[in-house]
Amino acid sequence: MRSSRSDILAVSVLLVLLPVVGRSQAAPPPKRAAQTTATATTKAAEELPWCTRVSHAPQQPKSGETVKITVSIREGMTDVSLEYQVLEAGAYVELKDPEYARNWTPIAMKAGATADGRTTFSVELPAALQKHRRLIRYRITAKDPSKGPVLSPMFPATAATPTAPATPESPSNYAYFVYDGLPAWRGAINPNGRGLQRAQVTTFPPEMLGRVQPYHLIGRKDSIENATWREQAGGKEFKYTGALVVDGVVHDHVKFRARGGVWRYAMGKNMWKIDLPPGDRIKAKDDYGRPYPVPWTKINLRSLIQLGSYGHRGEQGMFESVGFRLFNLVGVPAPATHWVQLRIIDEADESPADQYRGDFWGLYLAIENEDGRFLRSHDLPDGNLYKMMGGTGELNHNGAGQPTDRSDLDKFLSAYNTADQSEDWWRAHLDLPTYYSYRSIIECIHHYDVDQGAGKNYDYFLNPNSGKWTVIPWDLDLTWADNMYGNGDEPFRSRVLAKPAFNLDYQNRLREIRDLLFNPEQADQLIDECAAVVCDPKAKGTSIVEADRRKWDFHPALGTGGQGGHGQYYIASATRDFSGMTQLMKNYVRLRGQWVDMTLLRDPRIPATPTLTYSGPADHPANRLAFRPSRYQGRAPFAAAKWRIAEVTPTGTPINSPPKPRLYEISPTWESDELPKLEQTTIPDKSVKPGHAYRVRVRVKDETGRWSHWSAPVEFVAGNAG
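First, a word on scope: everything that follows refers to the structure included in this document. Just so you know, these numbers come straight off a predicted model, no measurement behind them. (Residues numbered from 1 in each chain as written. Predicted model: local features only at pLDDT ≥ 70, side-chain atom pairs only at ≥ 80, totals over all residues. Heavy atoms only, no water.)

### Some remarks on the overall build of the protein
Part 1 of the argument: For the protein, the count of helices and strands is 15 helices and 29 strands.
Part 2 of the argument: Scaling as 2.2 N^0.38, a compact globule of 722 residues should have a C-alpha radius of gyration of about 27 Å, and the protein matches this with 30 Å.
Part 3 of the argument: For the protein, the C-alpha atoms occupy an extent of roughly 95 × 80 × 60 Å along the three principal directions.
Part 4 of the argument: Looking at the 722 residues of the protein, the share that counts as buried comes to 55%.
Part 5 of the argument: Looking at the protein alone, contacts between residues at least 24 apart form 72% of all its contacts between residues at least 6 apart.
Part 6 of the argument: Accessible area for the protein stands at about 30,700 Å²; split by element, carbon and sulfur atoms hold 52% of it.
Part 7 of the argument: A distance of 2 Å separates the average location of the 88 positive side-chain charges in the protein from that of its 82 negative side-chain charges. (Helix = DSSP H or I, 4+ residues; strand = E, 2+ residues; numbered from the N terminus. Rg over C-alpha atoms; globule rule 2.2 N^0.38 Å. Buried < 20%, exposed > 50% of the residue type's maximum accessible area, 1.4 Å probe, protein only. Contact = heavy atoms within 4.5 Å. Areas by Shrake-Rupley, 256 points an atom, 1.4 Å probe, with all protein chains shown as cover. Lys, Arg positive; Asp, Glu negative; His and termini not counted. Charge placed at Lys NZ, Arg CZ, Asp CG, Glu CD.)

Structural data, given as C-alpha cells:
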C-alpha cells in the first residue's frame with residue numbers, strides 16, 4: 001500500500017524514537033518477581049498463550065488521533081514488536097492475495113509493568129497515520145528463546161478463556177477502522193427519469209441515517225461485484241473475504257457470499273451471508289441498542305426487496321420483523337432481527353455523484369442464524385437442530401452427546417410418514433403446545449411457504465431433556481397477504497390437527513392469541529413500534545426507508561429481468577409510500593382476523609365469554625387488587641377458571657422516536673392454575689409494581705375441554721400497597 005509523504009515522515013520520527021526489530025533489541029523486561037510468588041499463579045500464567053489482552057484505544061479512531069496499542073506478554077519473550085499494514089479505501093487486500101505478506105511496518109513495543117509472570121507492552125501509532133476510511137491492520141511478533149520467532153494469535157485468550165494459537169483459518173492480525181462519521185447521502189427516485197417529482201434529489205442527513213446502525217463491509221470491488229451479481233454461484237461456498245465493521249469493531253477476514261434459494265440472484269438487490277473466522281464473535285445489538293444475550297458468529301442479511309410478481313415491494317422488512325416478533329411473543333423460538341444500513345467500501349470515493357455507487361448500499365435486515373448459539377440465546381438445551389428441506393434435514397448444530405448420523409431425525413420422519421401415530425405417540429414426540437402456537441401464527445400472517453412437498457422454511461429441534469421435537473420458523477418474507485406462495489400444509493397440520501383432541505387444544509390456543517395479541521389494538525402497536533425504527537413519522541420523506549427506495553427502485557441491477565423490475569416500490573400502497581405499506585399490514589390484521597374467526601374458530605359450543613368487574617379499593621393498591629367475574633354460562637357444565645395479569649404499555653401511549661420496546665398483553669406477569677371455582681379473586685401483589693399499567697382477564701373452561709374467550713380486560717395503573 002502506498003502512503004502519503006506526511007504519513008511516512010510521521011512514522012519515520014517514531015522509528016527514530018523507538019528501537020526497530022532487526023536494528024536493536026527491545027527494552028529488557030523488568031526483573032522477575034520474588035521467589036515467594038505463588039506457584040499456582042506462575043503455573044496459570046505459563047499455561048496462557050504468550051500474547052494476550054491485545055487492545056487499542058480509541059476503539060474506532062477519527063482522523064488525526066493517536067492510537068495506543070497494548071498487549072500482555074509472558075515473561076521470557078524478547079524482541080516484542082508490532083507490525084502494521086495500511087489499507088486505503090478501495091484497496092482491500094484479501095488473505096489469499098500475495099500483497100498480504102508485504103508492506104508490514106515494524107515498531108518495537110515498550111515494556112511496562114510486570115505482574116503474575118506477564119509484562120505489559122505498548123506502542124503509539126502517530127496521529128498522521130489515521131485517515132478517514134483507512135483500515136489499519138496490526139499484529140504482534142516476538143522471539144521465544146525455546147522456539148524462535150512467533151506470531152500472536154488473532155483472538156487472544158483471557159485468563160478465564162484460553163484459546164488455541166492462530167491457524168490458517170484464523171489469521172494472525174488485528175485491525176481498527178478510522179472513521180469520522182456518516183456523511184449525508186443524496187439521491188432521486190429516478191435520476192434519469194422524466195418529471196420533477198422522480199428526478200428531484202433529496203438529501204438525507206447523517207443524523208437521520210444514523211438512527212439505524214451501520215455495518216461496514218470492506219472488500220475488493222471485483223470480489224463484491226462477483227459475489228452479488230456477476231458469478232451467480234449456487235451452493236454454500238465462500239470464495240471471497242473482507243473486513244466487517246460493527247459498532248466500531250473490526251472483524252477482519254470474514255467470508256461473504258450471496259444467500260438464498262432459487263431466487264438468490266433474482267432481484268438485483270441481493271441477500272448476503274457473512275461468516276466470521278473461527279474464534280471471532282460479533283456483539284450484535286438489537287434495534288434499541290441492547291446487546292443480544294449470545295454474540296453472533298454469522299450474519300444473514302435480508303435485502304428487503306419483495307419478488308416483483310407479488311407486488312409488495314417497499315414493506316422494507318416489516319413482514320419478517322413483525323412476523324418473527326409474533327412467533328417469539330407466543331413462545332415459539334424464532335430468530336431475532338434488527339435493521340442495519342449496509343455500507344460497502346470497495347472504492348476510494350465515499351459519496352460520488354452517481355447515486356448508485358459509493359458506500360451507502362441501503363437498508364437490510366439482519367436475521368439471527370439458527371444454530372447452537374441460537375439455542376443458547378433462546379434458553380434451549382443443547383440438542384440437535386436440523387434445517388429442513390424436501391422432506392429431510394441437514395444437521396445445523398450437533399448437540400453434545402447427540403447422534404451425528406441423523407438417525408434421530410430419520411427415526412422421527414419414518415414414524416410419522418409411514419403410519420398414523422396415536423395421540424400418545426404424538427404427545428411423547430412433538431412439543432404440542434409450542435406447535436399450536438406455531439400453527440396459529442402461520443395462519444395469522446399467512447406463512448404458507450412451508451408446503452409439505454418442499455418441506456422448507458423451518459427447522460426441527462430435538463430437546464434432549466424431553467425427547468420432543470419443536471418446529472422453529474424461518475424465511476417469513478412471503479407473508480401478510482393472501483396471494484403469497486404456498487398452501488401452508490407443513491407436515492403436522494393434517495397429521496396432528498386432524499385428531500379431535502389436538503384440534504380442540506389448538507383452537508383454544510388460537511382463540512387466546514386472537515384475544516391477546518393478533519388483534520387491531522395490540523398488533524397495530526407492534527407494527528407501529530417496528531416501523532418507527534426505520535421511519536420517523538415526523539421525518540417528512542427523509543427516513544432511511546426512502547433513502548433505500550431511491551438507491552434501488554431504478555438501480556441498473558434491477559433492470560435485468562427476473563423478479564427485479566424498476567419503479568415497483570409502494571405500488572401496493574394507496575398512498576404510494578412506506579406508511580401506506582404499514583397500513584396494509586394493519587388492514588390485514590383485521591381481514592385475516594375475521595377469516596380466522598369465521599374459518600378456523602367456528603365452534604358454537606364454547607362457553608360464553610365472562611365479564612369482569614374490579615371490586616377492590618378505588619386507587620388499585622398493589623396488595624388489594626380484587627376482581628369479581630360474572631356467572632358461568634355454557635352448554636356443558638363448568639370445569640375450571642383461569643386468571644391472568646399482564647403489564648402493558650398504557651393505551652394511547654404514542655410511539656417514541658427513536659422507539660422504545662413496548663409491553664404486550666400476551667406476556668403475563670402472573671397466571672393462575674386452573675381453578676375449580678369461578679369466584680372473586682385477588683391478584684398476588686408480587687406480580688404488580690406500583691406506577692405500572694396492567695390488564696387483568698379471566699376465562700372459563702367446560703367439561704369438554706373448551707375454553708371461552710378471555711374476558712374484556714380491566715386496565716389500571718397499580719397504586720402503592722395500602
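Now that the structure has been shown, the text picks up again.
### Quick word on the sheet that holds strand β16 (residues 298-302)
Part 1 of the argument: The strand order around the closed barrel formed by 7 strands is β12-β13-β14-β15-β16-β18-β17, and the pairing between neighbours is mixed. Strand-to-strand twist in this sheet, taken as the mean axis angle between neighbours without regard to direction, amounts to 40°.
Part 2 of the argument: The sheet contact formed by strand β12 (residues 214-218) and strand β13 (residues 240-246) spans 4 bridges and is antiparallel. The residue bridging I218 from the neighbouring strand is A243, located in β13. (Pairing = 2+ DSSP bridges. Axes fitted to C-alpha atoms, helices over the stretch in contact; angles between N-to-C directions.)

### Observations regarding the side chain of N190
Part 1 of the argument: Tracing the backbone shows N190 in the loop between β10 (185-188) and α3 (196-199).
Part 2 of the argument: Note on N190: relative accessible area 13%, which makes it buried.

### Considerations on the packing of aromatic side chains
Part 1 of the argument: Counted under the stated rule, the structure contains 36 aromatic pairs.
Part 2 of the argument: Centroid distance F412 to Y416: 5.0 Å. Interplanar angle 80°. Geometry classified as edge-to-face. Of the two residues, F412 and Y416 both sit in helix α8 (residues 407-418), 4 residues apart, roughly one turn of that helix. Exposure class is identical for F412 and Y416. Each is buried. (Phe/Tyr/Trp six-rings, centres within 6.5 Å; stacked < 30°, edge-to-face > 60°.)

### A look at the nonpolar core
Part 1 of the argument: Membership of the largest hydrophobic core comes to 134 residues, with the highest contact counts inside it found for W272, W339, Y460, W480 and F492.
Part 2 of the argument: The dominant element in this core, judged by the number of residues it contributes, is helix α10 (residues 432-445), at 8 residues.
Part 3 of the argument: Core analysis: the second largest hydrophobic core is formed by 26 residues, V67, M77, I107 and L125 among them. (Core = buried A, V, L, I, M, F, W, Y, C linked by side-chain atoms within 4.5 Å.)

### Considerations on the pattern of salt bridges
Part 1 of the argument: If you walk through the whole model with that rule in mind, you get 52 salt bridges.
Part 2 of the argument: A salt bridge links D346 to K221; its shortest N-O distance comes to 3.9 Å. Note that D346 is positioned in the loop between β17 (337-345) and β18 (360-367) and K221 in helix α5 (residues 221-230), a separation of 125 residues in sequence.
Part 3 of the argument: Residue class for K221 comes out partly exposed when judged on its relative accessible area of 33%.
Part 4 of the argument: Of the charged contacts, one joins R302 and D475 as a salt bridge, the two residues approaching to 2.4 Å between their closest N and O atoms. Separated by 173 residues along the polypeptide, R302 in strand β16 and D475 in the loop between β22 (469-473) and α11 (491-496) bring together distant segments of the chain. (Salt bridge = Lys/Arg side-chain N within 4 Å of Asp/Glu carboxyl O.)

### A word on the sheet that holds β22
Part 1 of the argument: Overall, antiparallel pairing links the 4 strands, which are arranged β20-β19-β21-β22 in an open sheet. The sheet is open, and its two borders are formed by β20 (392-397) and β22, each paired with just one other strand. Each strand axis lies, on average, 30° off the axis of its neighbour in the sheet, ignoring direction.

### Observations regarding the environment of G248
Part 1 of the argument: Residue position: G248 is located in the loop between β13 and β14 (249-259).
Part 2 of the argument: Ignoring any residue separated from it by four or fewer positions in sequence, one finds G248 in contact with Q59 and Q60.

### Points about the packing of helix α6 (residues 318-329) against helix α13 (residues 520-534)
Part 1 of the argument: For the pair α6 and α13, interaxial distance at closest approach is 10 Å and the crossing angle is 130°. Our classification of the angle between α6 and α13 gives oblique. Our pair here, α6 against α13, has a crossing hand that is right-handed. Counting all contacts with α6, which are made through M318, S321, V322, R325, L326 and L329, the residues of α13 involved are L526, I527, E529, C530 and A531. (Parallel < 35°, antiparallel > 145°, perpendicular 65-115°, else oblique. Left-handed = near helix turned anticlockwise from the far one by under 90°.)

### Quick look at unusual backbone geometry
Part 1 of the argument: In this structure, the amide linkage connecting A57 to the following residue, P58, adopts the cis form with an omega of 0°.
Part 2 of the argument: Looking at where P58 falls in the secondary structure, it is placed in the loop between β1 (51-57) and β2 (67-74).
Part 3 of the argument: For R53, which is not glycine, the phi dihedral falls at a positive 50°.
Part 4 of the argument: Look at W480: it is not a glycine, yet its phi comes out positive at around 65°.
Part 5 of the argument: In this structure, W480 sits in the loop between β22 and α11.
Part 6 of the argument: W480 gets classed as buried once you look at its relative accessible area, which sits at 3%.

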